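What follows is the residue order along each chain.
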Amino acid sequence: MKLRRALSLSAATAALLPVAMAAAPASQAAPADQIPTCYDVDTAWGQYHNNTFVGRSFGVPKTVALGTRWTTFTATITNASAKELRSFELRAQVGSYIYNEGERDLSPYSDLQYWDTSQRVWKTLRSADGRARGALPGPKTLKPRESVHVQLRFRVGEDLPLDQTYDAFATITGTFVDRYRDLDCRASGDVGGSFSPRKG
């Protein structure tokens, strides 16, 4: 099954904008998950464009050696619009795109952690299905020109089979509730980097 590649965000101006550190408790329920995406609402017209976020990231190399060594990277996502974003959520993941039947996702073989700025410790992100992904702490709204900055690290285990090519990525995703064609809908933007795994 072929999946669409997520679009990376432009990083032109984020370095000049104020940063709000991700330190608040992660939200439990996700109201935004209960409404359609803005692209689904827009299926008949194809006119919805999400130019809300500007993002930048540093530290994801082109190749990552399998093993126990961590790769640390930082990511910033900024509200570049003139509106306050409602039901804002932040998530991170390490994985790989699946283009063909039988290909495997790199995520279950990976570990992902974020730096908790309030407790000053690394905390692991792991979903119920065993993938390296999860919600990050952060604000529930994002004002115009406000940013969130996250420090993360990941590694890919030596048990990853290298019998296929992996189009792998490490990203954060910002999601918010937008208003389009008189309907509430979910919009999102990604920032991060792509890499290829190799033997250490």
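Residues numbered from 1 in each chain as written. Predicted model: local features only at pLDDT ≥ 70, side-chain atom pairs only at ≥ 80, totals over all residues. Heavy atoms only, no water.

Undergrad: Is there a simple way to explain the state of the cysteines in this structure?
TA: Every disulfide links exactly two cysteines, by a covalent bond between their sulfur atoms. Overall, the coordinates contain 1 disulfide when judged by the stated rule. In this model C38 forms its disulfide with C185; the gap between the sulfur atoms is 2.1 Å. The sign of the 90 degrees torsion about the S-S bond sets the C38-C185 disulfide as right-handed. Placement of the pair is C38 in helix α1 (residues 38–41) and C185 in strand β11 (residues 183–198), with a sequence separation of 147 residues. C185 matches C38 in its accessibility class, with the two residues each being buried. (Disulfide = S-S within 2.5 Å. Helix = DSSP H or I, 4+ residues; strand = E, 2+ residues; numbered from the N terminus. Buried < 20%, exposed > 50% of the residue type's maximum accessible area, 1.4 Å probe, protein only.)

Undergrad: I keep staring at the packing of aromatic side chains and nothing clicks. Help me out?
TA: How two aromatic rings sit relative to each other is given by the distance of their centres and the angle of their planes. What the rule picks out here adds up to 9 aromatic pairs. Considering the side-chain rings of Y39 and Y48, the 5.4 Å spacing of their centres and the 85 degrees angle between planes classify their relative orientation as edge-to-face. You can call Y48 buried: its relative accessible area is 6%. Between F53 and F176 the ring centres are 5.5 Å apart and the planes differ by 90 degrees, which places this aromatic pair in the edge-to-face class. Pair noted here: F53 is in strand β2 (residues 53–58) and F176 is in strand β10 (residues 168–180), with a separation of 123 residues, a long-range link. Relative accessible area serves as the criterion here: at 6%, F53 is assigned to the buried category. An aromatic cluster of at least three residues, connected via ring pairs, comprises Y39, Y48 and Y180. The aromatic ring of W70 is capped on one face by R153, whose charged end is 4.3 Å from the ring centroid. (Phe/Tyr/Trp six-rings, centres within 6.5 Å; stacked < 30°, edge-to-face > 60°. Lys NZ or Arg CZ within 6 Å of the ring centre and 35° of its normal.)

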